[in-house]
Amino acid sequence: YQLPLLSKLDFEIRIKGGENMVMESLEMVGARGVIPQSYLNGRLLVTSQVTESVEWASRVDFSRGKLDEVVVGTGVVVAQDFKVKPINKHFTLFFRVLLFDVDDEGSRIYVYEPDLLYSYNSQSYEGKGVRLVLGGGYKVASWITISAKIGRTTYSDRESIGAGADEIRSNHKS
């Protein structure tokens, strides 16, 4: 017996790495110098058409940066996406749960997020937290669709977000 979900899985694996030279302050010797910086980024994406009207995707992204052979930052983002579009119905719903644990700004991870029609949204994640997104649309007529989306990011490692005039005095934003 084979589970229907497993027979319809698609896998995508991407790994990218590189090295460049950067100017860094060498505090140990009190000088500035050029040292090698390397990085390794990757993604595992698994998608499935569960039924004719339900799609599911699971995604894991990671990043790791090194300065002169010393690991300076790592990050992991795990996302689960669900999309429902009933057959012969005029509405669509999508839901995302995303967990992130990224050491610092240098190892932040960028992730595309489903958005409204003709809109593109790529979020960057740093720190520790969770993001929830709910959206959908209703096709009123062949030429008009009403859409809405709401998302909330909650950080578990800080009490405020941003700085200066853009500071939010809370650990979450919508």
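Residues numbered from 1 in each chain as written. Predicted model: local features only at pLDDT ≥ 70, side-chain atom pairs only at ≥ 80, totals over all residues. Heavy atoms only, no water.

Visitor: Describe the nonpolar core, and please don't skip the residues or the numbers.
Guide: Core analysis: the biggest nonpolar cluster contains 10 residues, these being Val77, Ala79, Leu98, Phe100, Val102, Ile109, Val111, Tyr125, Tyr155 and Ile161. Looking at this core, the elements that each hand over two or more residues are strand E4 (70–84), strand E5 (91–102) and strand E6 (109–113). Residues in contact with Val102, not counting those within four places in the same chain, are Thr74, Gly75, Val76, Val77, Ser107, Arg108, Ile109, Tyr125, Glu126 and Gly127. (Core = buried A, V, L, I, M, F, W, Y, C linked by side-chain atoms within 4.5 Å. Buried < 20%, exposed > 50% of the residue type's maximum accessible area, 1.4 Å probe, protein only. Helix = DSSP H or I, 4+ residues; strand = E, 2+ residues; numbered from the N terminus. Contact = heavy atoms within 4.5 Å.)

Visitor: Please give an account of the pattern of salt bridges that cites residues and values.
Guide: Taken as a whole and assessed by the stated rule, the structure comprises seven salt bridges. Salt-bridge contacts for Glu12 lead to Arg14; the nearest nitrogen and oxygen are separated by 2.6 Å. A residue is classified by how much of its surface remains accessible, and Glu12, at 27% relative accessible area, is partly exposed. Residue classification places Arg14 among the partly exposed residues on the basis of a relative accessible area of 48%. Residues Arg43 and Asp61 are paired through a salt bridge, measuring 3.0 Å at the closest nitrogen-oxygen approach. Taken together, the positions of Arg43 in strand E2 (residues 31–51) and Asp61 in strand E3 (residues 54–67) put the pair 18 residues apart, joining distant regions of the chain. Here the salt bridges do not stand alone but share partners, grouping Arg43, Arg59 and Asp61 into one network. (Salt bridge = Lys/Arg side-chain N within 4 Å of Asp/Glu carboxyl O.)

Visitor: Requested: an account of the pairing of strand E9 (residues 144–155), with residues and values cited.
Guide: Alignment of strand E8 (residues 127–141) against E9, held across 12 bridges, turns out to be antiparallel. Bridge pairing in E9 places Leu134 opposite Ile150. Taken together, E8 and the strand that follows it, E9, pair antiparallel across an intervening segment of two residues. Alignment of E9 against strand E10 (residues 172–173), held across two bridges, turns out to be antiparallel. From the neighbouring strand, Thr153 faces E10, where its bridge partner is Lys173. (Pairing = 2+ DSSP bridges.)

Visitor: Tell me about the side chain of Thr92, residues and numbers included.
Guide: Residue position: Thr92 is located in strand E5. Residue Thr92 is classed as buried on the basis of its relative accessible area of 19%. Discounting chain neighbours no more than four positions away, the residues touching Thr92 are Lys83, Val84, Lys85, Gly135, Gly136 and Gly137.

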